[in-house]
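One letter stands for each residue in the lines below.
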Amino acid sequence: MLGNSGKNHGDSSIILKSSSEISLMYEANQIVAELLCQLRKIIEPGLTTFELDRIAEDFCAQKKAKPAFKGYRGFPSSLCVSINEEVVHGIPSRRRKLVKGDIVSIDFGVCKNGYFGDSAITVPVDSVSSDKKKLLAVTEDSLLMAINEVQVGNRVHDISRVVQEHVEKNGFSIVRQFVGHGIGKSLHEGPEIPNFVKNGNSPRLLAGMVLAIEPMVNIGTHNVSVLKDGWTVITTDKKCSAHFEHTVAVTANGPLILSSQTLFV
Ligand code: MG
Ligand code: MG
């Protein structure tokens, strides 16, 4: 789930974490990573988004972790599931079935031992069109390029710039209304991590910062609006959108991807 650049979500100050706190955050994020990896493997036509949410709830109970989004500002579910032109914050539903050719974004967060984890993937449902395939590849690559910029001494705008450049070079657009965020004992802390270069001061990256970096990339216009349910964000031109997110710690040795799925694939 995302920090909204227009509203103040939680603490906006930047809080550095000790190595023992980063270990606790790794634990929380690995719960997120394991569930996302499981869901990626079972995604198929006919599944409802509600069924995905139930799996996430059961998984949280099994891991003794609290689903981070459920109840957050009134959000009703453990997962955000956003299909095709839905950008983020889609609400799981018994009536919404996955269809061959869809792309489905799954955003998941937990709180474990007082610390949050947050990560998202976008997955094709069976085979998808070549433009959707390209959208997924460009969005995920832009996240990986962003993570490479997570180096002590860089600034947040170095992250923003590589995402924007890669996405726009490939003919897609960056959502501006929603941004990434710091994370720790709160789901949303400072600094904001825009996926586009903003004017003004940009914080320097320091060892101990933990950042949720989350490019949201649209095939068409960058403009988005919110459905009547008060949550689901869609593209105004109804063209597809993708979303990938990792929680990453800034260390003296470079980026540490706390929500890495490599143990589970
Ligand atoms: Mg997030
Ligand atoms: Mg998220």
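1. Looking at helix 3 (residues 130-148)
A rise of 1.5 Å per residue sets the reference length of helix 3, with its 19 residues, at 27 Å; its end C-alpha atoms lie 27 Å apart and thus fit the reference within 8%. Every buried residue belonging to helix 3 is among Lys132, Leu135, Leu136, Val138, Thr139, Ser142, Leu143, Ala146 and Ile147, and all of these are buried.

2. Description of the packing of helix 1 (residues 19-42) against helix 2 (residues 49-62)
Packing of helix 1 against helix 2 brings their axes to within 11 Å, and their N-to-C directions diverge by 145 degrees. At the point where helix 1 passes helix 2, the crossing takes the right-handed sense. Within the contact between the two elements, helix 1 uses Ile31, Glu34, Leu35, Gln38, Leu39 and Ile42 and helix 2 uses Leu52, Ile55, Ala56 and Phe59. Among the residues making up the contact of helix 1 with helix 2, the classes are represented as 8 nonpolar, 1 polar and 1 charged.

3. Comments concerning the sheet that holds strand 7 (residues 173-174)
The strand order across the open sheet built from 3 strands is 7-11-14, with neighbouring strands paired in antiparallel fashion. With one partner strand each, in any of the chains shown, strand 7 and strand 14 (241-243) form the two edges of the open sheet. Summarising the sheet, strand 7 and strand 11 (residues 216-218) pair through 2 bridges and their orientation is antiparallel. Considered in strand 11, the bridge of Ile174 is made with Val217.

4. Topic: the packing of helix 3 against helix 4 (residues 156-169)
Between helix 3 and helix 4, whose axes approach to 8 Å, the crossing angle comes to 155 degrees. By the angle between their axes, helix 3 is roughly antiparallel relative to helix 4. By crossing handedness, the relation of helix 3 to helix 4 is classed as right-handed. Every residue of helix 4 that contacts helix 3 at Val138, Asp141, Ser142, Met145 and Ala146 is listed here: Ile159, Val162, Val163, His166 and Val167. Residues that form the contact of helix 3 with helix 4 fall into these classes: 7 nonpolar, 2 polar and 1 charged.

5. Describing the sheet that holds strand 12 (residues 224-226)
Strand order in the open sheet formed by 3 strands is 4-13-12, with antiparallel pairing between adjacent strands. If you trace the sheet from one side to the other, it starts and ends with strand 4 (86-88) and strand 12, each paired once. If you compare each strand with its neighbour and ignore which way they point, the axes differ by 40 degrees on average. By the bridge criterion, 2 bridges tie strand 4 to strand 13 (residues 233-235) in an arrangement that is antiparallel. Across the sheet, Glu86 pairs through a bridge with Ile234, a residue of strand 13.

6. Digging into the state of the cysteines
Every disulfide links exactly two cysteines, by a covalent bond between their sulfur atoms. Enumeration over the complete set of coordinates arrives at 0 disulfides. Cys60 provides the cysteine sulfur closest to Cys37, a residue in no disulfide bond, and the two sulfurs are 16 Å apart. Judged by its relative accessible area of 2%, Cys37 falls in the buried class. Here Cys240 is not disulfide-linked; the sulfur of Cys80 is the nearest cysteine sulfur, at 18 Å. Take Cys240: its relative accessible area is 11%, and that puts it in the buried class.

7. Digging into the packing of aromatic side chains
Evaluated as defined, the whole model comprises 1 aromatic pair. Ring centres of Phe75 and Trp231 lie 5.0 Å apart, and the angle between their planes is 85 degrees; on these two criteria the pair is classed as edge-to-face. Here Trp231 lies in the loop between strand 12 and strand 13 and Phe75 lies in the loop between strand 2 (66-67) and strand 3 (79-83), a separation of 156 residues in the sequence. For the residue pair Phe75 and Trp231, the accessibility class agrees, reading buried in each case. Above the face of the Phe172 ring, Lys134 is positioned so that its terminal group lies 5.2 Å from the ring centre.

8. Structural notes on the side chain of Glu245
Mapped onto the secondary structure, Glu245 falls in the loop between strand 14 and strand 15 (246-251). Here Glu245 is buried and forms no salt bridge, its nearest opposite-charge partner Arg40 lying at an N-O distance of 13 Å. Not counting residues up to four positions away in its chain, the partners in contact with Glu245 are Met1, Asp107, Asp118, Ser119, Ala120, Leu143, His181, Ala212, Ile213, Glu214 and Ser259.

9. Here we look at the nonpolar core
If you look at the biggest cluster of nonpolar residues, it comprises 54 residues, and the most contacted ones within it are Leu79, Val104, Phe108 and Ile213. Ignoring any residue separated from it by four or fewer positions in sequence, one finds Ile213 in contact with Leu143, Ala146, Ile147, Val150, Ile159, Ile193, Phe244, Glu245, His246 and Val248. Core analysis: the second largest hydrophobic core is formed by 18 residues, Cys80, Tyr115, Ile183 and Leu258 among them.

How each quantity is defined
Residues numbered from 1 in each chain as written. Chains lettered and ligands numbered in written order. Predicted model: local features only at pLDDT ≥ 70, side-chain atom pairs only at ≥ 80, totals over all residues. Heavy atoms only, no water. Helix = DSSP H or I, 4+ residues; strand = E, 2+ residues; numbered from the N terminus. Expected span 1.5 Å × (residues − 1). Buried < 20%, exposed > 50% of the residue type's maximum accessible area, 1.4 Å probe, protein only. Axes fitted to C-alpha atoms, helices over the stretch in contact; angles between N-to-C directions. Left-handed = near helix turned anticlockwise from the far one by under 90°. Contact = heavy atoms within 4.5 Å. Nonpolar A, V, L, I, M, F, W, Y, C, P; charged D, E, K, R; others polar. Pairing = 2+ DSSP bridges. Parallel < 35°, antiparallel > 145°, perpendicular 65-115°, else oblique. Disulfide = S-S within 2.5 Å. Phe/Tyr/Trp six-rings, centres within 6.5 Å; stacked < 30°, edge-to-face > 60°. Lys NZ or Arg CZ within 6 Å of the ring centre and 35° of its normal. Lys, Arg positive; Asp, Glu negative; His and termini not counted. Salt bridge = Lys/Arg side-chain N within 4 Å of Asp/Glu carboxyl O. Core = buried A, V, L, I, M, F, W, Y, C linked by side-chain atoms within 4.5 Å.

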